[in-house]
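Understanding the architecture of this molecule
These are the residues of each chain, in order.
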Amino acid sequence: MTAVNIDIVSDVMCPWCYIGKKRLEEALKDLPEDLEVDVRWRPYQLDPTLPKEGKDRKQYLEEKFGGSERAKQIYSTIVDAGREEDIPFNFSGIEVSPNTLDAHRLIRWSASEAPGVQDRLVDLLFKAYFIEGKNIGDNAVLLDAAEQAGMDRSITESLLVGTADCLEVEQEIDVARKMGVTGVPCFILENKYAVMGAQSADVLASAIRDVAKEKEAAPDTQPAT
């Protein structure tokens, strides 16, 4: 069986990352049964300057786009793309633009949990923010998502109230930027190939198949005896 590793550099306040996740899920359905894919979520922050408590959404849109009407125009394309992936984006329901550092710490910890926990957590955070309008920088919201995903709430809370892995997450984001990641999502296959943006399921599936074929055809690198 051939296995392909995919690292997804993403921010949970990025709508295109949510769309990219759905498209990857579709792509995985089109792969051969003997092709195994290991997905890992990596951190990125679209706006690391946001305070821990976040910022009023209207104020944020005013500063970034010049107002909610301009933002609505820009987001119309995203809403249409989301509809195609069965994502009912509810931008008007978002009251706070969050700082996502703590969300990324949570995602980092979830990688050491049982298979599937990290992916469920990421999906829950996307849903909480984009559909339910929750502040995913708020500890209570993060803990609810962690518990729903299958993480131990009390252990997670003890970590979340401190500064565990803050530096590690920031360093990982810095590494991504130095690698040339300037926008997300970015799908990195086998630490060698990058697929930038929320590409279609067909594009993602094709890229994964190509990398798998390359791995299968790679010569044996074991030294001769």
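Look above for the structure.
From a predicted model like this one, the values you see are computed outputs, not experimental measurements.

Rules used throughout
Residues numbered from 1 in each chain as written. Predicted model: local features only at pLDDT ≥ 70, side-chain atom pairs only at ≥ 80, totals over all residues. Heavy atoms only, no water. Salt bridge = Lys/Arg side-chain N within 4 Å of Asp/Glu carboxyl O. Helix = DSSP H or I, 4+ residues; strand = E, 2+ residues; numbered from the N terminus. Buried < 20%, exposed > 50% of the residue type's maximum accessible area, 1.4 Å probe, protein only. Pairing = 2+ DSSP bridges. Axes fitted to C-alpha atoms, helices over the stretch in contact; angles between N-to-C directions. Contact = heavy atoms within 4.5 Å.

Some details on the pattern of salt bridges
Scanning all chains against the criterion turns up 20 salt bridges. Salt-bridge contacts for glutamate 85 lead to arginine 23; the nearest nitrogen and oxygen are separated by 3.2 Å. Residue glutamate 85 is found in the loop between helix H3 (68–84) and strand E4 (96–97), and its partner arginine 23 is found in helix H1 (residues 15–29); the two are separated by 62 residues along the sequence. When its relative accessible area of 13% is taken as the criterion, arginine 23 is described as buried. For glutamate 26, the salt bridge identified is with lysine 29, shortest N-O distance 3.1 Å. Pair noted here: glutamate 26 and lysine 29 are both in helix H1, with a separation of three residues, about one helical turn. For glutamate 26, a relative accessible area of 36% gives the class partly exposed. Take lysine 29: its relative accessible area is 61%, and that puts it in the exposed class. Here the residues in one salt-bridge network are Asp7, Arg40, Arg42, Arg108, Asp165 and Glu172, joined through shared partners.

Re unusual backbone geometry
Here the amide bond leading from valine 184 into proline 185 is cis, since omega sits at 5°, within 30 degrees of zero. The backbone of aspartate 165 sits at a positive phi, close to 70°, despite the residue not being glycine. Among the secondary structure elements, aspartate 165 is positioned in the loop between helix H7 (153–160) and helix H8 (166–178). Judged by its relative accessible area of 22%, aspartate 165 falls in the partly exposed class. A positive phi angle, close to 55°, is found at asparagine 191, a residue other than glycine. Mapping asparagine 191 onto the fold places it in the loop between strand E5 (186–189) and strand E6 (193–196). Residue classification places asparagine 191 among the exposed positions, given a relative accessible area of 62%.

Section: the sheet that holds strand E2 (residues 35–43)
Overall, mixed pairing links the four strands, which are arranged E2-E1-E5-E6 in an open sheet. The open sheet has two edge strands, E2 and E6, and neither has a second partner. Across the sheet, the axes of successive neighbouring strands diverge by a mean angle of 25°, strand direction being ignored. Across nine bridges, strand E1 (residues 2–10) lies against E2 in parallel orientation. Looking across to E2, one finds that aspartate 7 is bridged to arginine 40. Strands E1 and E2 of the sheet are contacted by helix H5 (residues 117–130), whose axis makes an angle of about 50° with E2.

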